[in-house]
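# Coordinate inspection notes
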Amino acid sequence: MLEWIPRGLHRGIVTTAYPRRPEEAPPGFRGRVALRGDEPASAELEAVCPTGAIRSTGGRVSLDRGRCILCSACVAADPSRFEFEPEYETAARRRGALIVNDSERAPGELRRTLAQQSRTLRRSIHVRHVDAGSDGAEEWEISALTNPFYDMQRLGLFFTLSPRHADILLVTGGVTRPMETPLLRAFEVMPHPKAVVAAGTDACSGGLATGVGGVAGGVDEVLPVDVYVPGSPPSPIALLHGLLLAAGVVTREAAA
Amino acid sequence: MTAGSTIPAGEAHEFLDGRFRAVREPAPPGEQRLLLPIGVVDRAAALLLERRARFVAMFLRPERSLAVAFAVRGQLVALQASVDRTSSFPSLALLSPAFRLPERELHDLHGIVPLGHPDLASVLDPDPDHLRRRVEGEGTFLIPYGPIRSGVFESIQHVIETGGEDVLALGVRPYFKRRGLESRFDGLTPGDGATVAERVAGIASVAHACAFTHAVERALGVEPSPRAQLWRVVHAELERIANHLDVATRLAEDAGLSVGVARFGILKEQVMRLRARLCGSRFGRGVVVPGGISAEPLLSTTEIRSILNELERDLRRDRKLLLRTPSFTDRLIGSGTLEPITVDAYAGIGPVARGSGIPTDARFERPYGAYRRLGFRIATAEDGDAMARLEVRFDEIRESIHLIRQALERDAKEEDEPAAELPAATGAAFGWAEAPMGELVYWVEVAEGRLQTVRISSPSLRNWPVFAAAFRGDVLTDFSFIEHSFGLTPAGADR
Amino acid sequence: MNGVFAAALLVLCGAAGLALIRPHLAMGAAAVGSAVLCAVGVVSAGGWSDARVDLGTWLGFGPSALVADRLSGIFLALVGGTAAAVSVALAERPTRRAAATLHVLVVLALAAVLGADQAFVFFLAWETLSVCLYILGSLGRDRPAALAAAYFASAVNKVGGAAILAAFALLYGQTGSFEFSDWQQAAPGLGTTHDVAFVLLLVGFGTKIGLLPFQVPLPGLYQAAPAATAATIAVAFNAGFYGLWRLVYGTLAPASLWWGELLVMVGGLGAIAGILYAVVQDDVKRFLGFSSVEHGGIALVGLGVALIGQSANKPELAAAGLLAATLHVIMHGIAKAGAFLGAQNVAEATGERTTGPLGGLATRLPGTALGFGLAVLTLAALPPFGGFVSEWFTLEALLQGFRLKNSDAQLFMALGGAMVALTAGIALLAFARLFGGIFLGRPRRRLEPEPETRRGGIGFVAFGVTLLFLGAAAPWEIRWLGKGLSGVLGFDPAETTIRHPLVLGPVYKDFSVLSPTWLTLAIPTFLVAAALLVRVLLKPPVRRAPVWLSGTAPDIAAVQYTPEGYANPIRVVLAGLYGFRRTIQPEGGGRQPERLALSTRVVPAFEHYLYEPLVAAGLRLSGFSRRLQSGRLGLYLLYVLLVLLGALAMIPALRH
């Protein structure tokens, strides 16, 4: 057993300094899709996107990152307009803030953060994760938050086994029919104040599965969502960003 | 290699034809399709199973044609029969428990009745509150574990029947997160289909993309460039390494070995970061496309090699230390022991089967892509317990690193070619890949360049019943060790 | 006092007769008589006044009397008090005439056993008691198992009776007297007879209290007893302790060292065996029966320490052991009788005798739940209850081993301490299982329990309050007990035991202290204070949310721990000891793979390896003797001649 001690020390500190210092994504990282220029486009551009994230109303192109699954179909179809950005901080508190070049100006609901609701909830925020129908990749990224690279405990964030102890409900996946009731139960037994974070594009909008089987849409069809973290799956830093936004520890949202 | 198949490759047709007047449907190489009358499907399946064929998939093709696929040495043999008139077929569930879940799925989806099936309760839309009791006896009770489980896990419900402490029986209830993705493929282009396939099981994105594109390419008669095949191997093997390291991390966590958790967590994260730097996605998404690969690797082979060397060195020492830690090994040795006969009966695959000494591996049984040219050994262990499965995974990581090195070496010699163009043709074929959880098989039918039918036989779904059968005198505290040693993903099973 | 004692006995005699006609009225009379007996006991044990009822010489074995002296006063108080409570409970419910009569006869026989001043009266009363218990056990004629259990118990009791008779005959042969006081004077010079008499008396009284290996029939007898009369049997249990106290400790003094060592070991093993069997019992009465065996074992450990002290000439050690053991007998005598009544209440309300289908009865039977719960806390030896005080005393007495010079005795006492501690640990689990299985959670099967009667509820609440009071008032009880035990000890141990009006120590000064009174005040105070602190200072908003069960809301009864499940880990860990095996098989030989049948098997070790071979040997022997009974006159005459010749041959041998 003692041999584990030097083994644990030999790598030194690998932990990121995020959010104190921004974390740089490697070049070429598919953090999110950027929409360049505003030349008008034909309505056929919409068909490029398998999840309907691209809208073209009267030639004005908008991109809903809450629907974007980072599949590169648009980047391949129109590289001058669409481009991957190596961006980690993708979370936003309003659904509308995820839509680039929003033509309908739908800001969405802005809910109070945990810090605004309670003065006692500054540190030691407990997170309960619920998989409502993800593809499993989100779970890997969420569990990565406890590894030494991200070490979310240093920020006072902890995973808890029971929703009865949870302050934040971290939901992944569009809500399938059998998971709807369990998800609602988890939300119900959480004490007040509580926040819901939709992790991943599937949780934000239902993603690819919307409409085909039992997935009606995103988590906000079932629960009030405080923070949206798009991405397929969102990177661990994006998830951390989302959790800290919900807690009210950071206020900087994803830039448009 | 399925343990000692007695049918020489290519003779399944003649063998069954003599008895049942099977009609052969043309199929790409490595695959046989035999049309049979519906009434003899069970006898034909029994004969195949007697000759040590392994059940692979059961699904409905268009025009209500039932297909049951078996792996017979180096071949996939699909028995096909029309259920259009009968809407029922003789159940195969009494031949092998491996057929139970697929038949119930068919029954739920299409209303086709497997006659003689012991239990046709609905599975696809599970009610978490309705728990079924299988064990009758003094003092037994149920523990519903899931769908929302204790930890960051995917949703699945395990109904544990216990008399206190010991697990008497285990009911695995998948399908809580069934998104209906098989029908999502309908009408898409093969390119968009790959995007969907990548999101069936996120932690096996590359394997799903490979199996799907393999099926599409076979159906349309396209061969990707040798270089694309090599890079597919690199991504698939990196995915395997990440999965196996994930299992090691979880097992260390179950044993409360926090430094071990941190160490293996670091190793896994390094692999994920390597994948992100290589292609922009931590899960290798968007790389494998029908006809080839989509983009150039973003890292030089030298960089990949040096990262792998460091990883291998660290892993060797961590593995040695982990397997020398008694508080860890004590929990794994003898937990969830699977006899080879049980694995065979349930048609278990992947590291689960290999941990019980059954050397089944799609990369070896029916080599595909660059695996036809690369050398590797199938890792197996004999004990069949959680420890054996972990050892298999560690050995496989070593073999995967070895495979990646070979691929990088050969890559230097290959010409750069763009992805092959797909003809807007019609065709149907099986495609496969060895996912980290085991053999993954896609059935794809393309009509004039559009996907018509896609069926997925996922290793997770096929191994869940094996997991339920692994509990023999194990106690509640062994549960997470046994589950994590299986390394399955509910998303892949539920689809 | 003499008149009061006589009056109590007369009232009981009257009640016995009346019970054949008007059982309810008779039970009331019995309650009054028993209560008076209790008062007589309290007064005589306290040394304020002795009571004596002369029986004259009409029995033909010299002058005899029923005497309530200090030692018998203690037991009279215990028996009278518990019998009064049981009589009240019997008066409250429909009771069969025969059962009511036998209940009163048992109390009378007990009074005679406790009061007897000479061996003949004692034995007569003892045998009456055994016969009454046998008939009581076999009243459940409709259940063959009950009949067999009662027969088995009475057979073992017969062995005990024979051992006592042999001991008495031996002592009479050596002293020429049936008087206990004569035996006591002659005891120091008895030599080997002394040790033989000890063994015989130990076996004799041990059969009544479930001494290892005679514990086997006891739980069955409790189970067989109809309705609330199981509590009567629990009361009768005390006669065995009295016999050991009076005749072994008080009369055969001074003890040999090995007596005490033997008792510590046999008692400790008996306690462990008792609780290990109790924890896996599903039948409530059997459970309580095995727990009686456990408590008998612990009391014997205390008596063993006392005997070691006596033989090592350390009166303080003897006092520590005897005080602990006596307090243990009293506390458990009271709690056990109440627990049996509670179990009966549950059985009557639900029609269930086993814990398996029960659960969640606390809401339907709140009074019973409170009384039973406090009894269980006493039996599980949790502070601040009396059971805790007595087990603490027992352990403290065992810890005094270092004062001995003999290293064997030190070792045995240390082992005894370990066994008592282990027993206490498992007892906690066992009683948690018992109480939780019956009263907490939800019913496991659809039950429609009848609500308890108002009076029944009040009775159980009163019983619970009594138990709480007995724990809190332990210093005063020990003052009284010290006076009572001074009769056999020769000094009053309470003087050194009570360090301060409310603080106790284990007879020896400056060893350790305990204040059950302060605990009784402090534990509830802290609980209330913590609750107030949260409610008043933090004022958390309260919102009721459903139980969290992994996101499911199944039928709670199907997913809650069963009592068997709760004890199963112990059963699995000690599978070898229990002979436990279980198999799980598909129903219908594999055609129905979706349904599995679980079968469990436990081999009761003592029955299997001790009693069954004994019974088999007995049957073989009787088969052999049947062959001797040919029916031919000539052969019988030959037997007579042979016996005569043998007897004649013995005369010169004995004369030597």
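Throughout this description, residue numbers start from 1 for each chain and increase along the sequence as written. Going through the entries in the order they are written, you letter the chains from A and number the ligands from 1. Since the coordinates come from a predicted model, pLDDT governs what is reported: local features require at least 70, and pairs of side-chain atoms require 80 or more to be given and counted, while whole-chain, interface and lining totals use all residues.

Next up on the list: the overall build of chain C. Within chain C, the regular secondary structure consists of 26 helices and six strands. In terms of principal-axis extent, the alpha carbons of chain C reach across some 90 × 70 × 60 Å. In chain C, of all internal contacts separated by at least 6 residues, the share reaching a separation of at least 24 is 76%. In this text, helices come from DSSP runs of H or I with a minimum length of four residues, and strands from runs of E with a minimum of two, each type numbered from the N-terminal end. The contact criterion used is a C-beta to C-beta distance within 7 Å, with each C-beta placed from the backbone.

The next point concerns the sheet that holds strand β3 (residues 60-64) of chain A. All names here are of chain A. For two strands to be treated as a pair, DSSP must find no fewer than two bridges joining them. With antiparallel pairing, three strands are arranged side by side in an open sheet as β2-β3-β5. With partners counted over all chains shown, the strands left at the sheet margins are β2 (54-57) and β5 (99-100), one partner each. Sheet analysis places β2 next to β3, joined by four bridges and oriented antiparallel. Residue pairing for β3: R55 is matched across the bridge by S62.

Turning our attention to the environment of V171 of chain A. Residue and element names in this part refer to chain A. Considering the arrangement of structural elements, one finds V171 in strand β8 (residues 168-172). Burial in this document is a count-based property: other C-beta atoms within 10 Å of a residue's C-beta are tallied, and the residue is buried at 20 or more, exposed at 12 or fewer, or partly exposed in between, with C-beta positions derived from the backbone. Owing to 32 C-beta atoms within 10 Å, V171 belongs among the buried residues under this scheme. Separated by 43 residues in the primary sequence, V171 and R128 place their C-alpha atoms 8.4 Å from one another.

What follows concerns the interface of chain B and chain A. It is common to give the size of an interface as the accessible area lost on bringing the parts into contact. Chain B puts 48 residues into the contact, and the matching count from chain A is 50 residues. Here the element with the most residues in the side of chain B that touches chain A is helix α8 (residues 258-279) of chain B; it accounts for nine residues. Residues that form the side of chain B that touches chain A fall into these classes: 20 nonpolar, 14 polar and 14 charged. Polar here means any residue other than Ala, Val, Leu, Ile, Met, Phe, Trp, Tyr, Cys and Pro, which are nonpolar, and Asp, Glu, Lys and Arg, which are charged; Gly is therefore polar.

Residues and elements named next belong to chain B. The strand order β9-β10-β11 describes an open sheet built from three strands, whose pairing is antiparallel. At either end of the open sheet lies a strand with only one pairing partner, and these are β9 (141-145) and β11 (167-173). In this sheet, adjacent strand axes meet at a mean angle of 20 degrees when their direction is disregarded. Comment: axis = line fitted to C-alpha atoms, over the contacting stretch for helices; angle = value between 0 and 180 degrees taken between N-to-C directions.

Right, let's talk about the interface of chain A and chain C for a bit. Taken together, the contact between chain A and chain C spans eight residues of the former and five residues of the latter. Taken together, the residues of the side of chain A that touches chain C sort by class into four nonpolar, one polar and three charged.

A separate point is the packing of helix α9 (residues 301-322) of chain B against helix α14 (residues 386-411) of chain B. Residues and elements named next belong to chain B. Where α9 contacts α14, the two axes come as close as 11 Å, and the packing angle between them is 165 degrees. As judged from the angle between their axes, α9 and α14 are roughly antiparallel. As α9 runs across α14, the sense of the crossing is left-handed. On the side of α9, the interface is formed by T301, I304, R305, L308, E312, L315 and R319, while α14 contributes F394, I397, I401, I404, R405, L408 and D411. Grouping the constituent residues of the contact of α9 with α14 by class yields eight nonpolar, one polar and five charged. Orientation labels follow simple angle bins: below 35 degrees gives roughly parallel, above 145 gives roughly antiparallel, 65 to 115 gives roughly perpendicular, and whatever is left gives oblique. A crossing counts as left-handed when the near helix is turned anticlockwise from the far one by less than a right angle, and as right-handed when that turn is clockwise.

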